[in-house]
Amino acid sequence: MHHISIDQVLDQLSASVNGLDKSEVQKRLSKYGLNSLNMDKKVIWWQVLLHQFTNFLVGLLIFAALVSFFSGHLADSIIITVILIINALIGFIQEYRAEKSMEALKQIIPSKAKVLRDGKITMIASSKLVPGDIIFFEQGNFISADCRLAENNNLRMNESSLTGESVPVDKYLGPVDIDASVAERSNMVFTGSFVASGEAKAVVVATSDKTELGQIATNVRNVKDPVSKFKQETNHLSLQVGVVTIILSLILFLLGYFYLSYEAYEIAMISIAMLVSAIPEGLPAVLAVVLAIGAQRMAGQQVIIRSLPATETLGAVTTICTDKTGTLTENKMTVERLILSDKSEYKVTGRGWESTGEVLDVDGNRIEVNALLKKLAKIALWSNSTILQAKNDQIEVIGEPTEAALVVFAKKLGLERNSLIQQLHSYPFDSQTKIRAMAIRTETSPAGVLMIAGAPEEVLKRSVKIAFENDGEVDSKTISEEEIQYFLDKVSLYSSQGLRTVAMGFKNINFSSDNPDQDITEFTFVGIAGMQDPVREEVSESIRKAHSAGIRVVMMTGDHKKTAFSIASQIGLVQEIPKDLEINTVYTQTELDKLDDVKFIQVVLHCNVFARLNPTTKLKITKILQQNRQIVAMTGDGVNDAPALSQADVGIAMGKVGTDVARKSADIILIDDNFASIVSAVEQGRIVFENIKRSAYYLVGTNIAEIITVIIAIIIGLPIPLTAIQILWVNLVTDGVNGIALSTEVEEGTMEKPPRPIDEKILNKKSLPFVILISIVMSILVFGVFVFEYDSSNEASLATARTMAFLVICFCELFNLYGFKNLKNASLKGLFNNNYVNVAFVFSSLMVLLGLYFAPLASVLGLVALPFWQAGTLITLSSAVFWVGLVYKHFYFGKKY
């Protein structure tokens, strides 16, 4: 509807400038439905709970619990069930707290709208709007449906949440190109945007899911959340553990039945008991706690984790796609440069809405504020009515950000609005003249002065004089064409540097409240302010860190191409592209639309700056990156970012300026909206993955050792060295708490390495030999002491032999705490620097000894009390697993791993 005339729009919609009648409205409501977004995704608690049991390893544990129960091993069944419940609760609580993004989308649509029906203006519920309705809106109104403008009185719209445009945009009536992007459709207003200034009359052309916001809603609903990297890795680990455990249990059964002639029932029960005992039942819960610890640490980095797997996935990110406004910049327009009518230029210090700062010359030296500079500041202060006020320790802007920047500049020179100056009449920004004005009365100008600010080319065109300083006073003379061209050239230079320019001037008037209209001509030109949304001070260093960590950073902004390029150049995002690719450094939506598929993919893989993007293209870029083996983190704050946030491996929304839609489509929320916090969170994510490996290796290695020991005993024809209940106690007192303790390690230097390979598994060919070696050493030690003590002719020796085997395997696992603490090298430096590990070692040691020397418990476990000297000897012997691992790491891992 944007490419045809308003008459054609009305004709196509079978509508009239006098509005629809009641009968026609009812027909259209039946045809198009209510103007509300369909909510397909609902959060149902029992579905979230059931989701916690879809992991392969959890399924295996459920099977083991059932087998234990029906085979009479009630204690085993109860313990496994309790662990499963704890694990499920951790995941359930985390997931159920997350609300769905579609609920936030619904809240965006306002409740009331002013429409013309049956020739009368009336207020109706926005849900009752239909295509063809004539709607009215003014400053401060939110838009309820997509509309084509019919009448326009200086309308300016804030569409930042939809298009990403950081400043209000002007609206016009005429048709635009059929291929114009949403941001370029200047004759349209869209659902979810609001009126910054002016007023208008329009015809509704789309409601509900047919609106631009509705299309985004559809995209969010249709985005199938990809299986997280962490989910893939843990599923693979679960499969590995499950397959190995089942195979070993099957081998145990076959050997016992065919080779050692056990009764089928007897060896089946032994095999099932070993299957149940050998599965690391604490692994799912330990992994959940590892992620929770990582999430807690990230909270200290100003990052809230809404989805626990995102904690680890963030550490695997290879590409960060980031918005500009508010993430890389402060989202606060700031005057940075000045050029006065006498051609003198200045710098302005200070950032954002705070009035701290000063005016310096171009070399950075302090200056004396002259009359001309003070005049410019007065115009900046009085040419608009924007107000800055303190609210919750923040500066709140009531008005436009460009005008707020002018007010802050004036305050830096010590100027404040006061009662000595009377505001006579405000002239809103006019999209035709591109000028904002205010008529005021002062003691020196009682008849009135018209202070103006606006687009430099328009102000200069309407200026007949130019100001200069004469004996400490502001005087004026006729402006020449050469002077006008000089300042236009300066404007062009400032614009190429990404600065938004505003020219200022004044003229004396004879104001009458009976006839307040003024001719916007014959001004005296005073100067130009160059402003921009400043880059966050820490962003450049954060991007450098990201690059050194092998992470690509891509800017996707709704702002203009020049602004995007300027900011990208300042922070180091504009990098050299191979000449043979013939690719530009910046692409806009319009330019991307002209590319074929092959060229489009090349641009996505090599260009780091995109401007004026629409939601569909953001989503498309994200998918292409993922198809090219990239783990993508996407940041955003607007409604337009929601589909890409949902599609990305890690969606990151803004906590301060972000919309609810963006936040509830994301996995992670930045409390401070700061890109630097993302880089800090990536570092924590990498640490989380290393800790997951530590915990997984520890749990898997020790449990495999248990079943290998049993198999060896059966092959040789000896009794089982450890009963199922003993193995379960070993796992209970040494697995969970120690696995969690290992997850608290903090590793340095993680951001000096590239991201881990996309296909790297938790248990991989680099780590598997080490895990197998530790399992074998443990098995040899346990089996060795069992054989040493067991005497087939003395039945009482079996209990003692099992007790010795129990003590050795327990302390082998405890010494493994320190063996798996450092996976990188064989250094003993910092061995005891983690108090969580130290406490876990002491606690588990006491629990092991309790099972040995507390008679009631020892009786249940089938253990006997050993002499202290013998127990001490066995504990010392158990430390061999640590020293063997240390030697192995010295020769194999070293600097390679």
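The rules we used
- Residues numbered from 1 in each chain as written.
- Predicted model: local features only at pLDDT ≥ 70, side-chain atom pairs only at ≥ 80, totals over all residues.
- Heavy atoms only, no water.
- Helix = DSSP H or I, 4+ residues; strand = E, 2+ residues; numbered from the N terminus.
- Buried < 20%, exposed > 50% of the residue type's maximum accessible area, 1.4 Å probe, protein only.
- Contact = heavy atoms within 4.5 Å.
- Areas by Shrake-Rupley, 256 points an atom, 1.4 Å probe, with all protein chains shown as cover.
- Phe/Tyr/Trp six-rings, centres within 6.5 Å; stacked < 30°, edge-to-face > 60°.
- Lys NZ or Arg CZ within 6 Å of the ring centre and 35° of its normal.
- Expected span 1.5 Å × (residues − 1).
- Core = buried A, V, L, I, M, F, W, Y, C linked by side-chain atoms within 4.5 Å.
- Pairing = 2+ DSSP bridges.
- Axes fitted to C-alpha atoms, helices over the stretch in contact; angles between N-to-C directions.
- Patch = residues over 30% accessible without salt bridge, like charges linked within 9 Å, V, L, I, M, F, W, Y side chains within 5 Å.
- Salt bridge = Lys/Arg side-chain N within 4 Å of Asp/Glu carboxyl O.
- Polar contact = N/O pair within 3.5 Å; in protein donor to acceptor, adjacent residues only side chain to side chain.
- pLDDT = per-residue confidence, 0-100.

1. A word on the overall build of the chain
Piece 1. When you go through the chain residue by residue, the secondary structure sums to 32 helices and 27 strands.
Piece 2. Here the chain, with 897 residues, has 56% of them falling under the buried criterion.
Piece 3. Counting only contacts in the chain whose residues sit at least 6 apart along the sequence, the fraction spanning at least 24 positions is 71%.
Piece 4. Only carbon and sulfur atoms are counted for the fraction: they give 56% of the accessible area of the chain, which is about 37,800 Å².

2. Here's the deal with the packing of aromatic side chains
Piece 1. Applying the stated criterion across every chain, the model contains 13 aromatic pairs.
Piece 2. Between the aromatic rings of Tyr486 and Phe487, the centroid separation amounts to 5.3 Å while the plane-to-plane angle is 85°, which identifies the pairing as edge-to-face.
Piece 3. One aromatic cluster is present, formed by Tyr698, Phe770, Phe820 and Tyr888 through successive ring pairs.
Piece 4. The ring centre of Phe506 lies 4.2 Å from the NZ or CZ of Lys375, which sits over that ring.
Piece 5. The side chain of Arg417 reaches across the aromatic face of Trp382, ending 6.0 Å from its centre.

3. As for helix H16 (residues 481–496)
Piece 1. The terminal C-alpha atoms of H16 lie 23 Å apart, and with 16 residues this matches the ideal 22 Å at 1.5 Å per residue to within 8%.
Piece 2. Just beyond H16, the residue with positive phi is Gly498, at close to 85°.

4. Observations concerning the nonpolar core
Piece 1. Counting 75 residues, the largest nonpolar core has Phe806, Leu807, Leu817 and Phe820 as the members making the most contacts within it.
Piece 2. Look past the residues within four positions of Phe820 in its chain and what remains in contact with it is Arg694, Tyr697, Tyr698, Leu742, Phe770 and Ile774.

5. Focus: unusual backbone geometry
Piece 1. Here the phi dihedral of Asp471 falls at roughly 55°; this positive angle occurs in a residue that is not glycine.
Piece 2. Relative to the elements of secondary structure, Asp471 occurs in the loop between strand E18 (463–470) and strand E19 (473–478).
Piece 3. Under the relative-accessibility criterion, Asp471 is labelled exposed at 77%.
Piece 4. Located in the positive-phi region is Arg629, a residue other than glycine, with phi close to 65°.
Piece 5. Summarising the element assignment, Arg629 is placed in the loop between helix H21 (615–627) and strand E25 (632–636).

6. Things to note about the sheet that holds E25
Piece 1. Pairing in this open sheet of eight strands is mixed, and the strands run E8-E27-E26-E25-E9-E22-E24-E23 from one edge to the other. A strand with exactly one partner marks an edge of an open sheet, and here the two such strands are strand E8 (303–305) and strand E23 (586–588). Taking the axes of each pair of neighbouring strands and ignoring which way they run, one obtains an average angle of 20° across the sheet.
Piece 2. For strand E9 (residues 319–322) and E25, the ladder comprises three bridges, and the chain directions are parallel. Bridge assignment links Ile320 to a residue of E25, and that residue is Ala633.
Piece 3. Across the face of the sheet, helix H20 (residues 597–606) comes into contact with strand E22 (552–557), E23 and strand E24 (609–611) while running at roughly 115° to E22.
Piece 4. Of the strands in this sheet, E8, E9, E22, E25, strand E26 (650–654) and strand E27 (668–670) touch helix H24 (residues 675–716), which is tilted by about 160° from E9.

7. Points about a nonpolar patch on the surface
Piece 1. There is a patch of nonpolar side chains on the surface, built from Phe53, Ile62, Leu66, Phe69, Phe70, Leu74, Ile78 and Val82 and spanning about 760 Å² of accessible area.
Piece 2. Elements represented by at least two residues in the nonpolar patch include exactly helix H4 (56–70) and helix H5 (74–96).
Piece 3. A total of four residues in the nonpolar patch trace back to one element, the largest contributor, which is H4.
Piece 4. Positionally, Leu74 belongs in helix H5.

8. With respect to the pattern of salt bridges
Piece 1. Scanning the entire structure with this criterion turns up 20 salt bridges.
Piece 2. Lys171 is the salt-bridge partner of Glu159, the closest N and O atoms lying 2.7 Å from each other. You can see Glu159 sitting in the loop between strand E4 (146–158) and helix H7 (160–163) and its partner Lys171 sitting in the loop between strand E5 (169–170) and strand E6 (188–189), a full 12 residues away along the chain.
Piece 3. Under the relative-accessibility criterion, Glu159 is labelled buried at 2%.
Piece 4. Relative accessible area serves as the criterion here: at 1%, Lys171 is assigned to the buried category.
Piece 5. Two residues, Glu690 and Lys693, come together in a salt bridge whose shortest N-O distance is 3.4 Å. In this pair, Glu690 and Lys693 both sit in helix H24, three residues apart, roughly one turn of the helix. Here Glu690 matches Lys693 in class, with each residue buried.

9. Concerning the side chain of Ser193
Piece 1. Within the secondary structure, Ser193 sits in the loop between E6 and strand E7 (194–206).
Piece 2. Ser193 sits in the buried class, given a relative accessible area of 1%.
Piece 3. Every residue in contact with Ser193, bar those within four places of it in the chain, is listed here: Asn141, Phe142, Ile143, Met157, Asn158 and Glu159.

10. Concerning helix H13 (residues 371–382)
Piece 1. For H13, built from 12 residues, the straight-helix expectation of 16 Å at 1.5 Å per residue is met to within 8% by its first-to-last C-alpha distance of 16 Å.
Piece 2. Of all 12 residues making up H13, 10 are buried, and the element is well covered by its neighbours.
Piece 3. Among the residues of H13, the N-terminal cap falls to Asn370, whose side-chain oxygen and the backbone nitrogen of Leu372 are separated by 3.2 Å.

11. Structural notes on the environment of Gly300
Piece 1. Relative to the assigned elements, Gly300 resides in the loop between helix H11 (283–299) and E8.
Piece 2. In this structure Gly300 comes out as exposed when scored by relative accessible area, which is 59%.
Piece 3. For the pair Gly300 and Ala681, spaced 381 residues apart in sequence, the C-alpha to C-alpha distance is 9.4 Å.

12. Let's talk about the confidence of the model for the chain
Piece 1. Counting all residues, the mean pLDDT for the chain is 83, and 86% of those residues have values of 70 or more.
Piece 2. This stretch, residues 97–110, has a pLDDT under 50; its non-local contacts, to residues over four places away or in other chains, come to 42 contacts.

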